[in-house]
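# Overview (structure and organization)
The lines below spell out each chain.
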Amino acid sequence: MVARLVIAAPSSGAGKTTVATGLMAAFAGRGLAVSPHKVGPDYIDPGYHALATGRPGRNLDAFMCGTELVAPLFAHGARGCDLAVVEGVMGLYDGAADQGELASTAQVAKLLRAPVVLVVDASSQSRSVAALVHGFASWDPGVRIGGVILNKVATDRHEHLLREALGESGVPVLGVLRRAPAVSTPSRHLGLVPVAERRAQAVDAVRAQAEQVREGCDLDALLALARSAPPLHAEPWSPTAALARSDAGGPAAGARPVVAVAGGAAFTFSYAEHAELLAAAGAEVVPFDPLRDEKLPEGTRGLVVGGGFPEVYGPELSANESLRDAVAALARSGAPVAAECAGLLYLARSLDGRPMCGVLDADARMSERLTLGYRDAVAVSDSPVAAAGTRLRGHEFHRTVIEPGAGEVPAWGLRQPERRVEGFVRGGVHASYVHTHWAAVPETARRFVGHCRP
């Protein structure tokens, strides 16, 4: 049993990330082993969570992974910890479009049997805060709102008015935070700037968030609330067990092929479970940085290039010609290459007019339009990532376009928001804008590693 809290809000922008990260760091500073989690597909917030706790930030996504995997994945990440803090997504009851409560923070809280702390931006209200909290607390009887943290409170007088109003709501105030520029984190076109791009400043911001939370929140009351969560009967997810249960079976015997996984500041979007599954499937997982490394890791037999911000680092990626040539040569050899979103752009012929790896006959560029949302996908053809006909759920999140949007052999057929084909399958290459979570399809890792073997 792990003590646990879900940090939610009425809407985006209320301060969930600041509060959740500050709580993680404050409790870790007390000597507790804190397990960090994030509801939804977001890759960036977990980087700050990892900085605050020293443990991998893990996602809990009921759409991509299914409701049945939420508690096991939580238990996997929280194994051996004293406390788990789960940051919500959007507003408490907001989920996948046209899917009811699916993938909402409220649904995840219920699946985890976890109490919720509601973070309210109180900057433009006083007595109305009680009506807002009452509405959220009474909307779904299955969601237990155990307390409120008031954010962006202006003055002592403002705090008094808010506390007086909430005294009638029955929901305790567990924290009051003043406006504090030092705790803010810069944003750009896809959200917060990742930790990998501003590590020193990020460390300072997390330290400031922890200090603000320590000064403004009742940590003892919050810990007591977390410990009031009832037992959670869930077998922790295991990559080895997941492979054994899948149609693919366990790892094959023989040498462990090297699978190079792109990282560094340009490729920060990844789920920890992907590397764990690759290793469980028999691979030697070796990270590398396309911004710094001039060649692929020695003995590379397969390549995984996930999401990130190649558009921000276009000049540097293009200038690393020796690595671009090595990636192109690996792809020409027929070795398996799995690329998602940023990886797709890196494999293209060009990005914003700058030469990239040239593996795909396509050109990419920045766009004013944000493409965002969950996707139902089916594999159009066989590849090292999926057998034709494989169905899964994924997520798109980018402000770029690639032309053409699909190759002669597309990667996926998508059902929403409109029916279309997308991505590229060429030789051993599978490249697409769609982010996937391999915990939902563990056979992906087994299949990919199998294609890495001679």
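The rules behind these values
- Along each chain, the written sequence defines residue order, and numbers are assigned to residues from 1.
- With pLDDT at 70 or above as the cut-off, local features in this predicted model cover only qualifying residues; side-chain atom pairs require 80 or more to be listed or tallied, and sums for whole chains, interfaces and linings still use all residues.
- Water and hydrogen atoms were dropped before computing side-chain values, which therefore reflect all heavy atoms in the structure.
- UniProt positions are given in the numbering used here, feature names are shortened, and annotations may be inferred rather than shown by experiment.
- Counting from the N terminus, the helices are DSSP H or I runs at least four residues long and the strands are E runs at least two residues long.
- Here, residues are in contact when the closest pair of their heavy atoms is within 4.5 Å.
- Under the rule applied, a polar contact is a pair of N or O atoms within 3.5 Å (in protein, one hydrogen donor and one hydrogen acceptor; residues adjacent in sequence only if both atoms are side-chain atoms).
- Pairing of aromatic rings covers Phe, Tyr and the six-membered ring of Trp, with a centre-to-centre limit of 6.5 Å; geometry is then stacked below 30 degrees between planes, edge-to-face above 60, and tilted otherwise.
- Working definition: with a 1.4 Å probe on protein chains only, accessible area under 20% of the residue-type maximum means buried, over 50% means exposed, and in between means partly exposed.
- To sit over a ring, a charge needs its Lys NZ or Arg CZ within 6 Å of the ring centre and within 35 degrees of the ring normal.
- Any two strands between which DSSP finds at least two bridges are classified as paired.
- Axis definition: a line fitted to C-alpha atoms, over the contacting stretch in the case of helices. Angles run 0 to 180 degrees between N-to-C directions.

## Examining the UniProt feature "site: Increases nucleophilicity of active site Cys" (unreviewed entry) in the chain
The feature "site: Increases nucleophilicity of active site Cys" (unreviewed entry), as annotated in UniProt, sits at H435 in this numbering. With respect to the helices, strands and loops of the structure, H435 is situated in strand β22 (residues 435-436). Those residues within four positions of H435 in sequence are excluded, and the remaining contacts are Y43, M64, F269, G307, E340, C341, G394 and H395. A polar atom in the side chain of H435 sits 3.2 Å from the side chain of Y43.

## So, the packing of aromatic side chains
Throughout the structure, instances matching the rule amount to seven aromatic pairs. Ring geometry for Y43 and F269: centres 4.9 Å apart, planes at 5°, overall stacked. Here F269 lies in the loop between β10 (258-262) and α11 (272-280) and Y43 lies in the loop between β2 (34-39) and α2 (44-53), a separation of 226 residues in the sequence. Between F63 and Y374, the aromatic rings sit 4.2 Å apart at their centres with planes inclined by 25°, giving stacked as the arrangement. Here Y374 lies in strand β16 (residues 363-379) and F63 lies in helix α3 (residues 62-65), a separation of 311 residues in the sequence. Exposure class is identical for F63 and Y374. Each is buried. R393 extends its terminal NZ or CZ atom over the ring of F63, reaching a point 4.1 Å from the ring centre.

## So, the sheet that holds strand β5 (residues 116-121)
Reading across from one edge, β3-β2-β4-β1-β5-β6-β7 is the order of the seven strands in this open sheet, with parallel pairing throughout. Only two strands of the sheet have a single partner each, and these edge strands are β3 (58-60) and β7 (173-178). Across the sheet, the axes of successive neighbouring strands diverge by a mean angle of 25°, strand direction being ignored. Strand direction decides the pairing type here: β2 and strand β4 (residues 83-87), joined by five bridges, are parallel. Residue pairing for β4: V34 is matched across the bridge by L83.

## Observations concerning the sheet that holds strand β21 (residues 429-432)
The strand order across the open sheet formed by six strands is β11-β10-β12-β13-β21-β20, and the pairing between neighbours is mixed. Bordering the open sheet on either side are β11 (284-288) and β20 (424-426), each of which pairs with just one other strand. Each strand of the sheet is rotated relative to its neighbour by a mean of 15°, with strand direction disregarded. Summarising the sheet, β20 and β21 pair through three bridges and their orientation is antiparallel. Paired with V425 across the two strands is H430, which belongs to β21. Against the sheet, α11 engages β10, β11 and β12 (300-305), with an angle of about 140° to β11. Across the sheet, helix α13 (residues 321-332) is in contact with β11, β12, β13 (337-340) and β21; its angle to β12 comes to roughly 110°.

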